[in-house]
Amino acid sequence: MKIYRLLTEDDTSAFCHKVSEALSKGWVLHGDPVMSFDAARGVMRCGQAVTKEVDTPYSPEMKLGAQ
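Residues numbered from 1 in each chain as written. Predicted model: local features only at pLDDT ≥ 70, side-chain atom pairs only at ≥ 80, totals over all residues. Heavy atoms only, no water.

Draft legend 1. Inspection of the nonpolar core at higher detail. I3, L7, F15, V19, A22, W27, C46, V50, V54 and M62 together form the largest nonpolar core, which totals ten residues. At the level of secondary structure, the elements contributing two or more residues to this core comprise β1 (2-10), α1 (13-24) and β3 (43-53). Here this core takes three residues from α1, the largest share from any one element. The residues touching C46, leaving out its near neighbours within four places in the chain, are L7, T8, E9, D11, F15, V34 and M35. (Core = buried A, V, L, I, M, F, W, Y, C linked by side-chain atoms within 4.5 Å. Buried < 20%, exposed > 50% of the residue type's maximum accessible area, 1.4 Å probe, protein only. Helix = DSSP H or I, 4+ residues; strand = E, 2+ residues; numbered from the N terminus. Contact = heavy atoms within 4.5 Å.)

Rendered as structure tokens:
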């Protein structure tokens, strides 16, 4: 089964580290990254979708980051 996550973070190295960590755990990039300006906070925000094939059945209680 394929599971999906959307990683988000302010546009800092923390975002790159979050994506790199997911890739090191077997997640695969899905689509292009996105950026948007958060006017309320005055910062750019980044997002990247990732997917991963797992052998366990899906459950809403599943901790996706722990997969």
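Draft legend 2. Main features of the sheet that holds β1. Reading across the sheet, the three strands line up as β1-β3-β2 and stay open at both edges, with antiparallel pairing between neighbours. Here the strands that pair on one side only, and so sit at the sheet edges, are β1 and β2 (28-38). With strand direction ignored, the average angle separating the axes of adjacent strands in the sheet is 15°. Against the sheet, α1 touches β1, β2 and β3, its axis set at about 160° to β1. (Pairing = 2+ DSSP bridges. Axes fitted to C-alpha atoms, helices over the stretch in contact; angles between N-to-C directions.)

Draft legend 3. Quick look at the pairing of β3. Summarising the sheet, β1 and β3 pair through nine bridges and their orientation is antiparallel. Counterpart to L7 in the pairing with β3 is Q48. Strand direction decides the pairing type here: β2 and β3, joined by eight bridges, are antiparallel. Note that in β3 the partner of L29 across the bridge is V50. The hairpin turn running from β2 into β3, its antiparallel successor, is four residues long, and G42 in that turn takes a positive phi close to 70°.

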